[in-house]
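Tertiary structure, described
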Amino acid sequence: MIQSSLRPADRIALRARYPEILHRSLLSRLIAPFAVVAAAAYFVFCFFFFNVPQVIGEAQWERAGTYMADWVSWEATPRFRFGDKGIELEWTRSLLGDNPDPDWITQTGPDTYAISFGDDANRIEVAKDRVLATVDGTEHVITLADGGAVMPDTATGDFAFKNGRVTVYYGFAGLAEIRATQVYVRRRFFGWPNFFFDTKSPFFGMEAGELWTSITSGPQIQPGKSNLQLAVDEFLTNSEWQHLDVYNKLLQTIVMAFVGTLFAAIVAFPLSFLAARNITRNRMANWFMKRGFDFLRSVDMLIWALFFVRGFGPGPIPGIAAIFFTDTGTLGKTSTESIENIDDKQREGVRSVGASSVAVQRYGVVPQVAPVFLSQVLYFWESNTRSATVIGAVGAGGIGLKLIEAMRTNQDWENVAYMVLLILGVVFLFDNISNAIRSRLIGPVAH
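Thresholds applied
- Residues numbered from 1 in each chain as written.
- Predicted model: local features only at pLDDT ≥ 70, side-chain atom pairs only at ≥ 80, totals over all residues.
- Heavy atoms only, no water.
- Axes fitted to C-alpha atoms, helices over the stretch in contact; angles between N-to-C directions.
- Helix = DSSP H or I, 4+ residues; strand = E, 2+ residues; numbered from the N terminus.
- Parallel < 35°, antiparallel > 145°, perpendicular 65-115°, else oblique.
- Left-handed = near helix turned anticlockwise from the far one by under 90°.
- Contact = heavy atoms within 4.5 Å.
- Nonpolar A, V, L, I, M, F, W, Y, C, P; charged D, E, K, R; others polar.
- Pairing = 2+ DSSP bridges.
- Buried < 20%, exposed > 50% of the residue type's maximum accessible area, 1.4 Å probe, protein only.
- Phe/Tyr/Trp six-rings, centres within 6.5 Å; stacked < 30°, edge-to-face > 60°.
- Lys NZ or Arg CZ within 6 Å of the ring centre and 35° of its normal.

Some thoughts on the packing of helix H14 (residues 366-396) against helix H15 (residues 399-408)
Relative to each other, H14 and H15 sit at 65°, their axes nearing to 6 Å. Classified by the angle between their axes, H14 and H15 sit roughly perpendicular to one another. Crossing handedness for the pair H14 and H15: right-handed. Note on element contacts: H15 touches H14 through Ile399, Gly400, Leu401, Leu403 and Ile404, opposite Thr389, Gly392, Ala393 and Gly395. Taken together, the residues that form the contact of H14 with H15 break down as five nonpolar, four polar and no charged.

A closer look at the pairing of strand S3 (residues 86-91)
Here strand S2 (residues 78-83) pairs with S3 via six bridges, running antiparallel. Within the sheet, the bridge partner assigned to Gly83 lies in S3 and is Gly86. Linking two consecutive strands that pair antiparallel, namely S2 and S3, is a turn of two residues.

Notes on the pairing of strand S12 (residues 174-178)
Counting buried positions along S12 gives five out of five residues, so the element sits mostly inside the fold. The alternating pattern of S12 places Gly174, Ala176 and Ile178 on one face and Leu175 and Glu177 on the opposite face, and all of these are buried. As defined by bridge partners, strand S11 (residues 165-169) adjoins S12 across four bridges and the pair is classed as antiparallel. The residue of S12 that forms the bridge with Thr167 is Glu177. Two successive antiparallel strands, S11 and S12, enclose a turn made up of four residues, where Gly171 displays a positive phi of approximately 65°. Where S12 meets strand S13 (residues 182-190), five bridges bridge the pair, whose relative direction is antiparallel. Across the sheet, the residue bridging to Gly174 is Arg187, located in S13. From the end of S12 to the start of S13, which pair antiparallel, there are three residues.

Concerning the packing of helix H10 (residues 301-312) against H14
For any two helices packed against each other, the geometry comes down to the angle between their axes and how far apart the axes lie. Look at H10 against H14: their axes get within 9 Å of each other, and the N-to-C directions meet at 40°. Compared by their axis directions, H10 and H14 come out oblique. In the packing of H10 onto H14, the handedness of the crossing is right-handed. Of the residues in H14, those in contact with Met301, Leu302, Ala305, Leu306 and Val309 of H10 are Asn384, Ser387, Val390, Ile391, Val394, Gly395 and Ala396. A breakdown of the residues in the contact of H10 with H14 according to their chemical character gives nine nonpolar, three polar and no charged.

Looking at the packing of aromatic side chains
Applying the stated criterion across every chain, the model contains 34 aromatic pairs. A centroid spacing of 5.3 Å and a plane angle of 25° characterise the contact between Phe45 and Phe49, whose relative ring orientation is stacked. Of this pair, Phe45 and Phe49 both sit in helix H3 (residues 26-49), separated by four residues, roughly a single helical turn. Exposure remark for Phe49: the relative accessible area of 56% places this residue in the exposed category. Judged by centre distance (4.8 Å) and plane angle (45°), the rings of Tyr67 and Trp413 are tilted. Placement of Tyr67 in helix H5 (residues 61-71) and of Trp413 in helix H16 (residues 413-442) is noted, with a sequence separation of 346 residues between them. Residue class for Trp413 comes out buried when judged on its relative accessible area of 8%. One aromatic cluster in this structure is built from Phe295, Trp304, Phe307, Phe308, Phe312, Phe324 and Phe325. The side chain of Arg79 reaches across the aromatic face of Tyr184, ending 4.3 Å from its centre. The positively charged end of Arg187 is found above the aromatic ring belonging to Trp104, 5.8 Å away from the centroid.

This is the structure we're talking about:
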């Protein structure tokens with residue numbers, strides 16, 4: 001449309017002036033569509049090479065929902081064993097105290113128990129010779145034989161049978177596994193149980209108002225210690241949540257990230273002057289220094305952590321060393337490039353007044369690269385808080401080790417959620433601190 005308003009002579013002159021734009025070759029015009037087609041073909045290749053359809057088809061999506069439910073809920077797991085003397089009620093890792101008597105379990109007869117999964121329309125009645133499962137108001141009789149439980153003829157999609165075991169699912173409320181020798185119940189409740197006090201604490205089971213009264217004006221529970229001090233101690237030494245240990249591990253992670261990043265900055269910055277060609281006029285020194293940076297940063301932090309854990313044993317020292325090695329290489333590389341791209345006029349100006357070589361670098365180079373370098377250090381410090389959690393999982397200490405221990409039990413997912421939230425809080429806090437310091441160093445970001 002622009003060319004149509006021009007005279008023929010002007011169009012010819014315009015084409016002659018900008019031939020690379022108005023007279024592009026066929027190859028240059030095909031580069032963009034060819035790149036799009038190549039990228040699409042590559043994604044299709046990866047889709048089938050990694051067998052994505054089979055992976056999606058065989059994925060156990062229900063486990064994702066179970067894990068997410070475990071993050072925000074807890075389970076009570078009573079067992080009703082069929083013994084010679086009748087039905088014996090046992091508790092597996094009870095979070096309800098030494099003598100749990102929940103209102104959702106009632107003994108309806110000498111040898112009969114009823115377990116409610118929310119209401120009377122969803123319940124289990126356990127007797128020695130049979131189990132009556134009520135699902136959405138419909139009753140299903142499950143008989144017991146020597147070979148195991150027998151699947152009822154009235155079973156719906158809420159029932160499953162495997163190896164002589166009938167499982168009845170009640171959604172979020174839980175499930176019941178019926179076998180020939182026992183009935184195992186997993187009753188789920190929303191929330192985090194015993195988060196403040198475990199079952200052995202004198203404050204266990206207290207409501208908020210009752211707890212406040214006990215702390216402020218109640219009779220002294222333990223001689224030589226106020227109720228407030230006792231409550232804090234009971235909270236920190238909670239056997240279920242282990243708050244004090246979690247906070248110590250989180251502090252270890254923070255220290256690992258800070259010390260590792262600090263040491264890397266202290267070492268990388270002066271070494272980058274040796275690697276910069278415009279500062280150190282020695283090609284051999286430049287080459288060896290840069291290859292040293294490449295070596296340190298080419299080995300992943302996790303690999304360094306595994307190496308140092310093997311050498312020093314588990315603990316925060318291997319984590320600090322892994323962060324130090326990796327960040328020294330990366331910060332050294334970026335600092336070298338910053339120094340090599342400075343405006344050399346400032347150095348010449350300082351040198352012209354007869355300053356020494358050290359003063360030339362101090363006043364001619366450092367002011368130009370320091371804001372960028374400090375900004376990078378702050379970013380690495382923030383990022384290493386997350387990285388320290390990951391390397392902690394391989395034995396480098398910190399909350400990462402605590403996190404992987406909770407995950408291995410496959411039962412303490414609420415503890416996993418708790419630690420993940422703490423890590424997120426620390427990362428968000430350090431992100432704001434880093435941004436505030438960075439704004440003071442290089443000025444606020446323009447909008």
